[in-house]
Amino acid sequence: MRLYAFFGGYEIADKSMLTLGRDLGVPVKIPFQYFLIEHPQGRVLFDTGMNPVALTDPASYPPTAQFGSQVTPGDLAPARLAALGLTPDDVNIVVNSHLHYDHAGGNCQFPHAVFLVQYDEMQSAMCPEPWSGLVAENYCRRDFDLPLNYQFLRGDYDVYGDGRLRLIRTPGHTRGHQSLVLRLDESGVVVLAQDAVYLTQSLEQLILATTCFDQKAMYESYVRLREIRRLENAGIIPGHDVAVWESLRQAPLYYD
Ligand SMILES: [Zn+2]
């Protein structure tokens with residue numbers, strides 16, 4: 001099994017967006033990251049990067065027009081796959097950690113894949129709770145409200161039934177967030193937490209995020225991930241930590 005890490009663009013944001021009640025006025029680079037896993041039984045893309053409309057019609061797309069997302073043609077999923085000699089049709093399964101634009105924007109580029117999304121994540125994205133503020137603002141309906149082959153999950157899910165590629169529920173950041181736990185032959189257990197954990201600091205110091213659907217659930221997801229780290233000696237890769245990102249092997253390099 002191989003794990004490839006893809007860079008999908010970035011934003012510059014106020015760090016207080018990531019660290020509730022701290023770091024006001026501190027600018028921070030937020031990389032967008034998504035991943036390809038080659039399992040003996042198929043290829044799984046974990047998140048899809050940005051929507052190509054960010055390049056073709058940036059004025060109509062809130063992330064580029066309002067949030068200042070920076071994306072180049074090479075950051076889009078088809079280009080990242082092409083650099084490995086693959087096309088979108090070579091991807092069998094797409095998993096969305098959640099449906100925010102920097103994770104599900106590229107969904108439209110995978111018309112033939114099976115999508116695995118938590119049921120309550122789609123519910124919340126299609127009809128955001130009116131009080132959910134920043135969480136709601138990060139859903140762009142054109143990213144995910146598409147005639148794709150969505151299969152809805154209602155809990156943890158072992159993708160190939162062999163314990164090597166497990167989806168675990170990590171709600172909090174959004175209502176139905178999920179993370180991916182990989183068991184690699186050489187590298188051991190790696191958790192792609194995505195936005196269940198923004199920064200390594202978040203998990204170490206139990207710092208909640210400002211963009212958060214449910215603070216209690218986020219805290220409990222932190223506890224769950226720390227338990228997996230302890231019991232399985234796992235490495236945890238947070239969703240938007242630029243220092244961690246820059247230390248990772250990035251495609252075409254890989255972990256196995
Ligand atoms: Zn994100």
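Structure: above.
Source: prediction; values computed, not measured. Numbers given for residues are sequential positions, taken from 1 along each chain in its written order. pLDDT decides what is reported in this predicted model: residues at 70 or higher carry local features, side-chain atom pairs at 80 or more are listed and counted, and totals for whole chains, interfaces and linings draw on all residues regardless. As a rule here, side-chain values cover all heavy atoms of the structure and leave hydrogens and water aside.

**Q** So what's going on with the layout of surface pockets? Residues and values would help.
**A** When its volume is computed, the largest pocket comes out at roughly 350 Å³. Within this scheme a cavity is a closed region of a 1 Å grid, computed over the protein atoms alone, that accommodates a 1.4 Å probe without allowing it to escape, whereas a pocket is open but has protein on both sides within 12 Å along at least five of seven lines; lining residues each have an atom within 4 Å of a point. Surrounding the largest pocket, 20 residues form its lining, Glu11, Met17, Ile30, Tyr101 and Asn138 being those nearest its centre. The secondary structure listing takes helices from DSSP runs of H or I that are at least 4 residues long and strands from runs of E that are at least 2 residues long, numbered from the N terminus. The greatest single-element share of the lining of the largest pocket, amounting to four residues, is contributed by strand β1 (residues 2–14). Grid points are joined across faces, edges and corners, and a volume is the space filled by probe spheres set on the points.

**Q** Any chance you could break down helix α5 (residues 119–126) for me, citing the residues and the numbers?
**A** The buried label applies to any residue whose accessible area, calculated with a 1.4 Å probe on protein chains only, is under 20% of its type's maximum; exposed applies above 50%, and partly exposed to all values in between. Considered for burial, the residues of α5 that qualify are Asp120, Glu121, Met122, Ser124 and Ala125. In this analysis, two residues are considered to be in contact whenever any of their non-hydrogen atoms come within 4.5 Å of each other. On its buried face, α5 sits against β5 (114–118), α7 (141–144), β6 (149–153) and β8 (165–169).

**Q** How would you summarise the nonpolar core if you had to cite specific residues and measurements?
**A** A general tendency of soluble globular proteins is for nonpolar side chains to be buried together. Buried Ala, Val, Leu, Ile, Met, Phe, Trp, Tyr and Cys residues form a nonpolar core when they are joined through side-chain atoms within 4.5 Å. Counting residues in each nonpolar core, the largest one holds 32 residues, and the members touching the most others are Met50, Tyr61, Val191, Val197 and Leu225. The leading source of residues in this core is helix α9 (residues 215–232), at four residues. Apart from residues no more than four positions distant in its own chain, valine 197 is found in contact with Ser202, Leu203, Tyr222, Leu225, Pro238 and Gly239. One finds Leu3, Ile93, Tyr160 and Leu184 within the second-largest nonpolar core, a separate group that totals 25 residues.

**Q** A description of the environment of leucine 225 should follow, citing residues and the corresponding values.
**A** In this fold, leucine 225 is placed in helix α9. For leucine 225, the residues in contact, after removing those within four places along its chain, are Ile168, Thr170, Val191, Ala193, Ala196, Val197, Leu203 and Ile236.

**Q** With reference to specific residues and values, describe the packing of aromatic side chains.
**A** Here the aromatic set is Phe, Tyr and Trp, taking the six-membered ring for Trp, and pairing holds for ring centres within 6.5 Å; pairs whose planes are under 30 degrees apart are stacked, those over 60 apart are edge-to-face, and all others are tilted. Under the definition given, this model contains 10 aromatic pairs. Pairwise contacts between aromatic rings join Phe115, Tyr119, Tyr150 and Phe152 into one cluster. Ring-over charges, as used throughout, are those where CZ of Arg or NZ of Lys falls within 6 Å of the ring centre and within 35 degrees of the ring normal. In this arrangement the basic side chain of lysine 29 is found over the ring face of tyrosine 10, its NZ or CZ atom lying 4.6 Å from the centre. Taking NZ or CZ as reference, arginine 154 lies 3.9 Å from the ring centre of tyrosine 119, over its face.

**Q** Pulling in residues and values, what's your account of α9?
**A** In this model, α9 (18 residues) spans 26 Å end to end at C-alpha, consistent with the 26 Å of a helix rising 1.5 Å per residue. Buried residues of α9: Ala217, Met218, Ser221, Tyr222, Leu225 and Ile228, and no others. Down the axis of α9, the smallest arc covering the buried residues is 150°, so these residues share one side. Exposed side of α9, more than 90 degrees from the buried face: Lys216, Arg230 and Leu231 are the residues found there. Those residues of α9 hidden inside the fold are in contact with β8, β10 (188–194), α8 (200–205) and β11 (235–238). Polar contact criterion, stated in full: a pair of N or O atoms within 3.5 Å, where within protein one must be able to donate a hydrogen and the other to accept it, and residues adjacent in sequence count only if both atoms are side-chain atoms. One side-chain oxygen at the N-terminal end of α9 lies 3.1 Å from the backbone nitrogen of lysine 216; it belongs to aspartate 214. Asparagine 233 sits one or two residues past α9 and shows a positive phi near 50°. In a helix, the anticipated span is given by 1.5 Å times the number of residues less one. The arc in question is formed by the directions pointing from the helix axis toward the C-beta atoms.

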